[in-house]
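Chain residues, written in single-letter form:
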Amino acid sequence: MANLSYNNGGAARQRKRNTFLSANPVMRRLDSVEEYAENDVATYHGIILKTGLFLIFTLAGMILNLFLLDAFSSGNVVHTNYRGFEIEMYSGEVVALVVTLILAIVFQLVAAFVKSATPVAGSLYCVTQGYFIGFLIFKVLKGYEYIGMLAFAITMVIVLTMLLLYSKGVIKATKKLRTVLFTLVITSFVVSLLAVIASFIPVTRPMIMTIRQNYALSIGFSLFFIIIASLFLICDFDTIDHVVNNRLPKKYEWQAAFGLAFTIVWIYLKVLELLITILGKKKN
């Protein structure tokens, strides 16, 4: 990562940064930081190590889910279908999963907006995401756990490919790219919110259920979000360049690392969901 800025202007480059349109909400605040340090500055090496630490906490969350499967196996049994997989869950598991997803939102917001809390809140966020990933692998994909490793391999290929494209200047984090990503994310959020609301309305519920069960649309949406998340990496790399090349204090490594880990985990989840959809279709 030491040559990220090779074709992007180097440390002395002058660029107009639009923080409002920064793609990654976790990275957004870093783009406006102009604090300069003489010593103890942020480095690529430090950011890579901290990113790895966050990903280790994600793995810890997966292991936690595996060990807690029996602990939450109590209460009424709930039957549901997830992308073609019939799942039998206890009410205790459902409650634990809902609480985990709520905590993930809280920890993400704290890590993004309170920089002093990023090391702890970011780690806890990764644990919650790991717990959810563990649910997908050990509960939904029971008997097909190898899909989790396949998703990991695909995610690493995506990350390394986007890093190569960025370092060679093939794709640049321009204002236009940031604007497009921002627009796509907001549009996707609004559409998703409207779909959730419509699913509770008797008149529109059948239509929403039909759309959700459409195999082609499920594949299309998964690929769409994987592409968006992959392009987020370009903006993440650009922000990391800003942090290192402008000699920001070392404390900002945590936010840069969490922003990168956030995107990598997002890509992994979308890749995993895509593979689950494909496998679910083959099973049925």
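Here the structure is a predicted model, which means the values were calculated and not measured.

Cut-offs and rules
All residue numbers refer to position in the chain's written sequence, counted from 1. It should be noted that, the model being predicted, local features are given only for residues of pLDDT at least 70 and side-chain atom pairs only at 80 or more, the latter also being counted only at that level, while totals for whole chains, interfaces and linings use all residues. As a rule here, side-chain values cover all heavy atoms of the structure and leave hydrogens and water aside. For patches, a residue must show more than 30% relative accessible area and have no salt bridge; joins then use 9 Å for like charges and 5 Å for nonpolar side chains, namely Val, Leu, Ile, Met, Phe, Trp and Tyr. Here the accessible surface of atoms and residues is derived via Shrake-Rupley with a 1.4 Å probe, and residues count as covered only by protein chains that are part of the display. The term salt bridge refers to a pairing of a side-chain nitrogen on Lys or Arg with a carboxyl oxygen on Asp or Glu at a separation within 4 Å. Going along the chain from the N terminus, every DSSP run of H or I of four or more residues is numbered as a helix, and every run of E of two or more is numbered as a strand. Exposure categories follow from relative accessible area, calculated using a 1.4 Å probe and restricted to protein chains: below 20% of the type maximum is buried, above 50% is exposed, and the middle band is partly exposed. For Phe, Tyr and Trp, where Trp contributes only its six-membered ring, two rings pair if their centres lie within 6.5 Å, and the inter-plane angle classes them as stacked under 30 degrees, edge-to-face over 60, or tilted in between. The criterion is that NZ of a Lys, or CZ of an Arg, lies within 6 Å of the ring centre and within 35 degrees of the ring normal, and then a charge sits over that ring. Axis geometry follows a simple rule: fit a line to the C-alpha atoms, using only the stretch in contact for helices, then measure angles between N-to-C directions, giving values from 0 to 180 degrees. Each angle is binned into one of four classes, with values under 35 degrees roughly parallel, values over 145 roughly antiparallel, values of 65 to 115 roughly perpendicular, and all other values oblique. When checking whether two residues touch, look at their non-hydrogen atoms; a contact exists if any pair is within 4.5 Å. Working definition of a nonpolar core: buried Ala, Val, Leu, Ile, Met, Phe, Trp, Tyr and Cys residues. They are joined through side-chain atoms within 4.5 Å. The score called pLDDT rates the predictor's confidence residue by residue, from a low of 0 to a high of 100. Here a crossing is taken to be left-handed if its near helix is turned anticlockwise relative to the far helix by less than a right angle, and right-handed if that turn runs clockwise. When residue character is reported, Ala, Val, Leu, Ile, Met, Phe, Trp, Tyr, Cys and Pro are called nonpolar, Asp, Glu, Lys and Arg charged, and the others, Gly included, polar.

**Things to note about a nonpolar patch on the surface**
Move 1: Judged by side-chain polarity, V98, I102, I105, V106, L109, V110, F113 and V114 come together as a nonpolar surface patch covering roughly 660 Å² of accessible area.
Move 2: For F113, the position within the fold is in helix α2 (residues 91-113).
Move 3: You can call F113 partly exposed: its relative accessible area is 42%.

**Some remarks on the packing of aromatic side chains**
Move 1: By the definition in use, this model includes nine aromatic pairs.
Move 2: Aromatic side chains Y166 and F237 sit 5.9 Å apart centroid to centroid with 50° between the ring planes, which places their arrangement in the tilted category. With a gap of 71 residues between them, Y166 in helix α4 (residues 146-167) and F237 in helix α7 (residues 215-245) connect regions that are remote in the sequence.
Move 3: With relative accessibility at 0%, the residue Y166 sits in the buried group.
Move 4: Pairing F232 with W266 gives two aromatic rings, centres 5.1 Å apart and planes at 75°, and the pair type is edge-to-face. A residue pair is termed long-range when its members are at least 10 positions apart, and F232 in helix α7 and W266 in helix α8 (residues 253-283) qualify at 34 residues. A single burial state applies to F232 and to W266, both of which are buried.
Move 5: Cluster of aromatic residues (ring-pair linked, three or more members): F54, Y125, W254, F258 and F262.
Move 6: Between the NZ or CZ atom of K50 and the centre of the ring of W254, over which it lies, the distance is 5.1 Å.

**Observations regarding the packing of helix α3 (residues 118-140) against α8**
Move 1: It is the contact of α3 with α8, at a shortest axis distance of 11 Å, that shows an interaxial angle of 10°. Relative to α8, the element α3 lies roughly parallel. Of the residues in α8, those in contact with T118, P119, G122, Y125, C126, Q129, F132, I133, L136, I137 and V140 of α3 are W254, Q255, F258, F262, V265, Y268, L269, L272 and I276.

**Quick word on the nonpolar core**
Move 1: By size, the foremost hydrophobic cluster in this structure holds 70 residues, and its most contacted members are I133, L136, L233, I240, V243 and L272.
Move 2: With 18 residues, α8 is the single largest residue contributor to this core.
Move 3: The residues contacting L272, other than those within four sequence positions of it, are I133, L136, I137, L141, I147, G148 and A151.

**A few points about the confidence of the model for the protein chain**
Move 1: A residue-level look at the protein chain finds 88% of positions with pLDDT of 70 or above and a mean pLDDT of 84.
Move 2: Put simply, helix α6 (residues 205-212) is where the protein chain has its lowest mean pLDDT, 76, and α4 is where it has its highest, 96.
Move 3: Residue range residues 5-20 is modelled with pLDDT below 50. Its contacts to residues more than four positions away, or to other chains, number 34 contacts.

**Let's talk about the environment of L279**
Move 1: Within the secondary structure, L279 is located in helix α8.
Move 2: Sequence separation of L279 and I147 is 132 residues, and the distance between their C-alpha atoms is 9.2 Å.
Move 3: Every residue in contact with L279, bar those within four places of it in the chain, is listed here: F85, L141, Y144 and I147.

**Re the pattern of salt bridges**
Move 1: Counting across every chain of the model gives five salt bridges.
Move 2: Note that K50 is salt-bridged to E253, the shortest N-O span being 2.7 Å. In this pair, K50 is assigned in helix α1 (residues 44-68) and E253 in helix α8, connecting sequence segments 203 residues apart.
Move 3: For E253, a relative accessible area of 0% corresponds to the buried category.
Move 4: K139 serves as the salt-bridge partner of E93, at 3.2 Å between the closest nitrogen and oxygen. Note that E93 is positioned in helix α2 and K139 in helix α3, a separation of 46 residues in sequence.
Move 5: Three or more residues are tied together by salt bridges with common partners; here these are K50, K250 and E253.

**As for unusual backbone geometry**
Move 1: With phi around 55°, D40 is a residue other than glycine that occupies positive phi space.
Move 2: Within the element layout of this structure, D40 appears in the segment before α1.
Move 3: When its relative accessible area of 56% is taken as the criterion, D40 is described as exposed.
Move 4: The phi angle at R247 is positive, at roughly 55°, despite the residue not being glycine.

**So, the packing of α1 against α3**
Any two packed helices are characterised by how steeply their axes cross, that is the angle between the axes, and by the distance between the axes.
Move 1: At their nearest, the axes of α1 and α3 sit 6 Å apart, and the two run at 45° to each other. One way to sum up the angle between α1 and α3 is to call them oblique. Crossing handedness for the pair α1 and α3: right-handed.
Move 2: Considered class by class, the residues forming the contact of α1 with α3 number 14 nonpolar, eight polar and no charged.

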